Each structure stands twice: as C-alpha cells, then as structure tokens.
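Residues per chain are reported as follows:
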Amino acid sequence: MAPEKSPQPPAVTSEWVRRGRSKIHGGGLYAAKPIPAGTRVIEYVGERITKAKAQRREAHRLVARADGQDGCVYVFELNKRHDIDGDVKWNTARLINHSCEANCEPEIIRSHIWIVALRDIAAGEEITYDYGFDFADWKGHPCLCRSPKCVGYIVIRGQRWRLKKTLKATRVKR
Ligand SMILES: [Zn+2]
C-alpha cells in the first residue's frame, strides 16, 4: 500500500457490528445485536479519488491478482467524477464478505456510502452484501458463501442466470 502522508484516522466502528473470523473468507463482520431492516449498519469509508486514478489502481490490482496476491476490489462508485477506494486500514467495512444471499446492500446517501440492512438480521449473523461483480469476470472470483442459493462465483445478482447457463453448458461438454 502507498505510504500515507497524513496520520491515519482511527478505524470506523459501529454499535451494530463486531469483527470476527469469517467462515466465508478471512475476517468478517457480525451483527453485535439484532439489526432492524433499513438500518445503516456501518459506513464504507476510504480515499476519495478521481475515476482515472481509480482505474489505474484497479489495473495494478488485477496484475497483483494474476500474480497470486490478494486482488480484492475495494473501489466504489460514488458519483460521476469520484470513486471511493476502501482499501484503507480504517475502513472496517472492507472486511464484509460477499454472499449470493446478502443481508445488506451498499447505498449512497448524501455522498456517503452506507452498508444498509436489507432485512432484519439476527445477532451473530455475518454481515454480507452483493459485491456486484460483472459476469465477464466470473472465473477470477469463486464464491464460498455456502448459502443454499450460492452460484459458485461472485457475480452480480442480475447476471447470475448467465453464469448458470455457462456452467451448465460447460458440464454438458464434458
Ligand atoms: Zn455464493
């Protein structure tokens, strides 16, 4: 990671979540108590950067991933000009894993990205959202969410039917 010029802000906390070891992947966030639907669970923070800068960073990460390093995607589209790069230590929400049956979704509210509960969440449940990856990139993103609806790869909900079709066709060929 690039050296920071200013001192790092403290890690973002929220009364709704605690950190824990995830069954899905690495670390994760868990409901610290019952969370009602519609709650702003935690803010997704990071560095506000231009689209051009975000694209350069993503290109670097893709190379790193091809190299076998962690190539997670942390960039969120904020508006037409700016993105948020959440790959910073104080962005606690970066620990949230993808699930094919997510209980939260990111929402932009007045230029801030919030992870919002889609339904009531029980205490102890892992917090998840749909990473929204494009179908075109499915091969690089296996999904380990273990939900009964898991399609095996991290692909945005609206494009999962294409993935299912592709996987089915591959099976037939063998
Ligand atoms: Zn899954």
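Before reading further, recall that the structure is shown in the block above.
Residues numbered from 1 in each chain as written. Predicted model: local features only at pLDDT ≥ 70, side-chain atom pairs only at ≥ 80, totals over all residues.

Draft legend 1. Focus on the overall build of the protein chain. Counting secondary structure elements, the protein chain contains two helices and 10 strands. Secondary structure elements in the protein chain, listed N-terminal to C-terminal, are β-β-β-β-α-β-β-β-β-β-β-α. In terms of overall size, the protein chain behaves like a compact globule, its C-alpha atoms giving a radius of gyration of 17 Å where 174 residues would be expected to give roughly 16 Å. Each principal axis of the C-alpha distribution contributes one length, and for the protein chain these read about 55 × 40 × 30 Å. Looking at the protein chain as a whole, 23% of its 174 residues are labelled buried. Pairs at least 24 residues apart make up 66% of the contacts formed inside the protein chain by residues separated by at least 6 positions. (Helix = DSSP H or I, 4+ residues; strand = E, 2+ residues; numbered from the N terminus. Rg over C-alpha atoms; globule rule 2.2 N^0.38 Å. Buried ≥ 20, exposed ≤ 12 C-beta atoms within 10 Å, placed from the backbone. Contact = placed C-beta atoms within 7 Å.)

Draft legend 2. Examining the environment of Tyr44 more closely. Along the polypeptide, Tyr44 turns up in strand β3 (residues 40-44). Between the C-alpha atoms of Tyr44 and Asp85, which are 41 residues apart in sequence, the distance is 9.5 Å.

Draft legend 3. Inspection of the sheet that holds strand β5 (residues 75-77) at higher detail. Spatially, three strands are ordered β4-β6-β5 in an open sheet, and the strand pairing comes out antiparallel. At either margin of the open sheet sits one strand with a lone partner, and together these are β4 (47-50) and β5. Averaged over all pairs of adjacent strands, the angle between their axes in this sheet comes to 35°, without regard to strand direction. Bridge count between β5 and strand β6 (residues 82-85): three bridges; the pairing is antiparallel. Within the sheet, the bridge partner assigned to Val75 lies in β6 and is Asp85. Across the sheet, helix α1 (residues 51-66) lies against β4, β5 and β6, angled at about 100° from β4, the strand it touches most. (Pairing = 2+ DSSP bridges. Axes fitted to C-alpha atoms, helices over the stretch in contact; angles between N-to-C directions.)

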